[in-house]
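Residue-level listing of the chains:
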Amino acid sequence: MDFDTLCIHGSKEKYDTTGAVSVPIFQSATFAHPGVGESTGFDYSRQQNPTREHLEKTIAKLEGGLDAIAFSTGMAAIGTVMELFRPGDHFIASDDLYGGSYRLFHEISMKNGLTFDFVNTSDLSLIESCIQPNTKAVFIETPTNPMMQVTDIEAVARLTKKNNLVLIVDNTFLTPYFQQPIKLGADIVIHSGTKYLGGHNDTLAGFAVVNDQETSDRLRFIYKTTGACLSPFDSWLLIRGIKTLAIRMDKQQENAEKIANWMNTQKKIKAVHYVGLSSHPDYAISKRQGSGFGAMISFEVDSEKTAKEILERVTLIQYAESLGGVETLITYPMLQTHGDIPKEDLDAKGINECLLRLSVGIESAQDLINELSRVLEGE
Ligand code: PLP
């Protein structure tokens, strides 16, 4: 079945007999047992719920994984995956990560006894040089948030397999529509479902997709024990959002390409980081390992004053944290998504007062360009 069809008919499971075309919202905390020691397959919604199960089966199919687990947020998914590891385990992670992942690793995982090396994972030799006897996993985002660095997933997967490490890939920016890390050798795929999968800036969600029974069983045990599950209604919103994933991603990417090319002609814009530009240093890898480039652009303007003027003058584009929805959002990473990262780490990555991040939506590209042009010209 093609991807577009899977988005709509991913899970064939029917949980009721009415013929409802839209999956029902099973808004029930608990399920009655037919007899002592018997179960309908559903006992208590922290553990499983039919609406959520439909969503999970769909995501597993889209990512080409064995199992997908739906969490209340992307951070809940990452936090739960970290529970697979023990004090003393060592991680190698991207040095350019969503600020919340950076905070989790530094403030929670380290307190729990895990140790980390943060490196530019675009450089395979840097990953290799950090491997220690107690290294257990490599955690990457590709492209990274917000600098759009790309990691060659297949090359890293060869290295992790050789060294018996778990490869975890945060696939939030591209979604399985454009990039399928499990097919490239990843072991665990993470999503903030809040972004493109949900797609409408109206709900939070997260996913962990795994491809082996043992990890699935261990993760489901932690999941039912710690309880960061997605509610039936939010599961339904995700099911609905995913139906239009393919057409949204196509339109968002088309818009992003037009905007990135236009930005490249603007005097006040000094650099444009978009993986779909042939001038991007990782363009060739992006082209090889995915079927598209997504719709996230970060760009550097000539001064802090210009950055602030853009943020304060946009009206159609909204100055708000988050990404991936149908509405175009602009973010100031230094103060928002990456606000908790020490300044020297931000400076080292070029996340400064001149850097803005644009999540391109599905409005008319010309309207978005007109608005950016108006604010850049000080109108
Ligand atoms: N991963 C990436 C790449 C993100 O951008 C985000 C949030 O912005 C997250 C994970 C966390 O997701 P959530 O906000 O749903 O907890």
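Residues numbered from 1 in each chain as written. Predicted model: local features only at pLDDT ≥ 70, side-chain atom pairs only at ≥ 80, totals over all residues. Heavy atoms only, no water.

### Regarding the domain arrangement of the protein
- Domain boundaries assigned for the protein yield domain 1 (10–242) and domain 2 (246–376).
- Centre-to-centre separation of domain 1 and domain 2, based on C-alpha positions: 26 Å.
- Contacts between the two partners involve 38 residues from domain 1 and, on the opposite side, 44 residues from domain 2.
- Together domain 1 and domain 2 conceal approximately 3,200 Å² of surface at their shared face, both sides included; 55% is due to carbon and sulfur atoms.
- On inspection of domain 1 and its partner domain 2, the count reaches three salt bridges.
- Between Arg288 and Asp152 there is a salt bridge whose closest N-O contact spans 2.6 Å.
- Scanning the region where domain 1 abuts domain 2 turns up 23 residue pairs in polar contact (both at pLDDT 80 or more).
- Ranked by residues supplied to the side of domain 1 that touches domain 2, first place goes to helix H4 (residues 99–109) with four residues. (Domains from an automatic or database assignment. Contact = heavy atoms within 4.5 Å. Buried area = accessible area lost by both parts, 1.4 Å probe. Salt bridge = Lys/Arg side-chain N within 4 Å of Asp/Glu carboxyl O. Polar contact = N/O pair within 3.5 Å; in protein donor to acceptor, adjacent residues only side chain to side chain. Helix = DSSP H or I, 4+ residues; strand = E, 2+ residues; numbered from the N terminus.)

### Things to note about the sheet that holds strand S9 (residues 296–301)
- Read across the sheet, five strands follow the order S8-S9-S12-S11-S10 without closing on themselves; strand pairing throughout is mixed. The open sheet has two edge strands, strand S8 (269–273) and strand S10 (318–319), and neither has a second partner.
- Packing of helix H10 (residues 245–263) onto the sheet brings it into contact with S8, S9 and strand S12 (355–359), and relative to S9 it is tilted by some 15 degrees.
- Contacts from helix H12 (residues 304–313) reach S9, S10, strand S11 (329–331) and S12 within the one sheet, and its direction differs from that of S9 by about 135 degrees. (Pairing = 2+ DSSP bridges. Axes fitted to C-alpha atoms, helices over the stretch in contact; angles between N-to-C directions.)

### Section: a positive patch on the surface
- On the surface, Lys12, Lys14, Lys61 and Lys243 cluster together into a positively charged patch.
- With respect to the secondary-structure elements, Lys61 resides in helix H2 (residues 50–63). (Patch = residues over 30% accessible without salt bridge, like charges linked within 9 Å, V, L, I, M, F, W, Y side chains within 5 Å. Areas by Shrake-Rupley, 256 points an atom, 1.4 Å probe, with all protein chains shown as cover. Lys, Arg positive; Asp, Glu negative; His and termini not counted. Charge placed at Lys NZ, Arg CZ, Asp CG, Glu CD.)

### Quick notes on the pairing of S12
- With five of its five residues buried, S12 lies for the most part within the structure.
- The alternating pattern of S12 places Leu355, Arg357 and Ser359 and Leu356 and Leu358 on opposite faces, both of which are buried.
- Sheet topology note: the S9/S12 ladder contains five bridges and is antiparallel. Bridge pairing in S12 links Phe299 to Leu356.
- When S11 meets S12, the two strands line up antiparallel, connected through three bridges. Within S12, the position partnered with Ile330 by the bridge is Leu358. (Buried < 20%, exposed > 50% of the residue type's maximum accessible area, 1.4 Å probe, protein only.)

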